[in-house]
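What follows is the residue order along each chain.
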Amino acid sequence: MALPRVDGVWQRQAACRGSESTLFYPPAVAETRPEREARQRRAKAICAGCPVLAPCREFALDTREPHGIWGGLNEHERQALLERRAG
């Protein structure tokens, strides 16, 4: 499968850039379920106001990104969306 070209334009406009970017991926140490849910809620709140939410989500879906919050969805939500699209 060929990966889509990444030109960096939408990434430079992403609201997730900066000091809170660590919210979008699990930490190196184990986190409890409540900690994970809280971290993901905070990341998704940043996504909600992002001007490039749609291209971010489509990139993650197109590349089958297996980790993190992309386009306001976690890996399980992206997988479910791909399955629904497949019919």
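Everything discussed here concerns the structure shown above.
Just so you know, these numbers come straight off a predicted model, no measurement behind them.

Engineer: Would you explain the nonpolar core in this entry?
Structural biologist: A general trend in soluble globular proteins is that nonpolar side chains are found buried together. Trp10, Ala14, Cys50, Val52, Cys56, Phe59, Ala60 and Trp70 together form the largest nonpolar core, which totals eight residues. Element by element, the count of residues in this core is highest for helix H3 (residues 53-63), at three residues. Non-local contacts of Ala14, meaning those with residues more than four positions away in its chain, are made with Cys50 and Val52. Core analysis: the next-biggest nonpolar cluster, separate from the first, contains six residues, Leu23, Ile46, Cys47 and Ile69 among them.

Engineer: Looking at this structure, how should I read unusual backbone geometry?
Structural biologist: Note: most peptide bonds trans; most residues except glycine with negative phi. The residue Arg64 is not glycine, and still its phi comes out positive at about 55°. Within the fold, Arg64 resides in the loop between H3 and helix H4 (75-86). Residue Arg64 is classed as partly exposed on the basis of its relative accessible area, which comes to 49%.

Engineer: Whenever I open this one, the packing of aromatic side chains confuses me. Can you help?
Structural biologist: The relation between two aromatic rings is expressed through the spacing of the ring centres and the mutual angle of the planes. Considering all chains together, one arrives at two aromatic pairs under this definition. Judged by centre distance (5.7 Å) and plane angle (55°), the ring pair of Trp10 and Phe59 falls under tilted. Of this pair, Trp10 sits in helix H1 (residues 9-12) while Phe59 is found in helix H3, placing the two residues 49 residues apart along the sequence. Using a relative accessible area of 16% as the deciding quantity, one classes Phe59 as buried.

What counts and how
- Residues numbered from 1 in each chain as written.
- Predicted model: local features only at pLDDT ≥ 70, side-chain atom pairs only at ≥ 80, totals over all residues.
- Heavy atoms only, no water.
- Core = buried A, V, L, I, M, F, W, Y, C linked by side-chain atoms within 4.5 Å.
- Buried < 20%, exposed > 50% of the residue type's maximum accessible area, 1.4 Å probe, protein only.
- Helix = DSSP H or I, 4+ residues; strand = E, 2+ residues; numbered from the N terminus.
- Contact = heavy atoms within 4.5 Å.
- Phe/Tyr/Trp six-rings, centres within 6.5 Å; stacked < 30°, edge-to-face > 60°.

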